[in-house]
Amino acid sequence: MSTPRVILLCGGVGGAKLALGLDRSLPSGDLAIVVNTGDDFDHLGLRICPDLDTVLYTLAGVVHPEQGWGRADETFAMLDELARRGGPDWFRLGDRDLALHLQRSLRWRRGDRLTEITADLVSQFGVHSAILPMTDDIVATRLDTAEGTLDFQDYFVRRRCAPVVREIHYDGATAASMSPAFLRALSSPRLERIVIAPSNPLLSIAPILSIPGVSDQLRKTGVPIVAVAPLIGDRAVKGPTAKLMQELGMRAGVVGVYDFYAERYPALIDAMLIDRSDGHEATAIGCVVASTDTLMQTMDDRLRVAQSVLELSVKGGRP
Ligand code: FO1
């Protein structure tokens, strides 16, 4: 049974970099990573879980280093052949990656829970941290855009985040339950800190927090909750965070990120780690703030940000 000291709430590529830094900074078994499954979808008859796989491949050291998703050592024979037969090739599924989707889909259709399937993959890939889907139920992020309502991967990959977004829905969230393993991790007697990764607050973290009871259970742990800003200045390190915030009438910047969490999930965030270049914004953020260079290009960067998150002193903690 996992009794983590640190729990990370995490999306895909950006979050996985911090997950790797924390995984390499903490003793084996001290980290549990709760991953967004709002991006999951059915494609070519397969159940695809992009954020879970991104975290898994990153921690296993087999992720494609430039993309940040998919496998490093990959071939695309199936996809090329599919394209020749007129099939859909907009979602780049590599051959090795495909094997994982096939096996997961076989077990999923047989009724195995996503938590169990993921735990077996974690062990096969030799990963020491726990990787926990936020829920075993289906939650699907959908976006109301100027071009109609789009499924997440349709918006993100096929349309490259181009359509202007008016509203975001986490379909299925209100009927979903947090996974039992997530709940158990939160009651770990050794728990010291909850970290919110520098993932997109609207697309990666909000789906996790939209599951009934999650924000209450996080608060109930009484440990400090530290968010790492996903923006530097008014720009996202990767992905559409800043564009989305603007389209939804939010201020694109670290203050906007804090305000989003504070307004939607009151009294959740105790502290924020922001980039040094945003230091002047600290007084406009209503919680403890620390700064470092948050851009994670190298392994040393990932370790430095992980260390800052672990050392950030949240005076007094929560009453
Ligand atoms: N992202 C892309 O931008 N293009 C792709 O073709 C693509 C394929 C893909 C296949 C498997 C997988 O696990 C992830 C994949 N991603 C791809 C990444 C993914 O769609 C997004 O990064 C996340 O869903 C957002 O966190």
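> A description of the packing of aromatic side chains should follow, citing residues and the corresponding values.
Taken as a whole and judged by the stated rule, the model has seven aromatic pairs. Arranged with centres 6.3 Å apart and planes meeting at 80°, the rings of phenylalanine 260 and tyrosine 265 form a pair that is edge-to-face. Each member of the pair, phenylalanine 260 as well as tyrosine 265, is classed as buried. By the ring-pair criterion, three or more aromatic residues cluster together here, those being Phe41, Trp90 and Phe91. Across the ring face of tyrosine 57, the terminal group of arginine 71 is positioned such that the distance to the ring centre comes to 5.3 Å. Its end group placed over the ring of phenylalanine 76, arginine 92 keeps NZ or CZ at 4.7 Å from the ring centre.

> Summarise the layout of surface pockets; cite the residues concerned and give the values.
Approximately 1,000 Å³ is the volume found for the largest pocket. Counting residues per element, the ones that place at least two in the lining of the largest pocket are α1 (13–25), α2 (50–60), α4 (95–110), α6 (152–158), α8 (201–209) and β11 (231–232). Here the lining of the largest pocket is composed, by residue class, of 22 nonpolar, 14 polar and nine charged.

> Let's hear about the state of the cysteines: which residues, and what values?
Counted according to the given criterion, the structure contains zero disulfides. Sulfur of cysteine 10: no disulfide; nearest cysteine sulfur belongs to cysteine 49 and is 14 Å away. Here cysteine 161 is not cross-linked by a disulfide; its sulfur's nearest cysteine counterpart is in cysteine 10, at 18 Å.

> Explain the pairing of strand β2 (residues 31–35) to me, and be specific about the residues and the numbers.
Extensive coverage of β2 is indicated by the burial of five of its five residues. Alternating residues of β2 divide into Leu31, Ile33 and Val35 and Ala32 and Val34, and every residue in both groups is buried. Of the strand pairs in this sheet, strand β1 (residues 6–10) and β2 are connected by five bridges, and their pairing is parallel. By the bridge assignment, leucine 8 is partnered in β2 with isoleucine 33. Summarising the sheet, β2 and strand β5 (residues 130–133) pair through four bridges and their orientation is parallel. Among the inter-strand pairings, valine 35 is bridged to a residue of β5, identified as proline 133.

What counts, and where the lines are drawn
- Residues numbered from 1 in each chain as written.
- Predicted model: local features only at pLDDT ≥ 70, side-chain atom pairs only at ≥ 80, totals over all residues.
- Heavy atoms only, no water.
- Phe/Tyr/Trp six-rings, centres within 6.5 Å; stacked < 30°, edge-to-face > 60°.
- Buried < 20%, exposed > 50% of the residue type's maximum accessible area, 1.4 Å probe, protein only.
- Lys NZ or Arg CZ within 6 Å of the ring centre and 35° of its normal.
- 1 Å grid on protein atoms, 1.4 Å probe; cavity = no way out; pocket = protein on both sides within 12 Å on 5 of 7 lines; lining within 4 Å.
- Points joined across faces, edges and corners; volume = space filled by probe spheres on them.
- Helix = DSSP H or I, 4+ residues; strand = E, 2+ residues; numbered from the N terminus.
- Nonpolar A, V, L, I, M, F, W, Y, C, P; charged D, E, K, R; others polar.
- Disulfide = S-S within 2.5 Å.
- Pairing = 2+ DSSP bridges.

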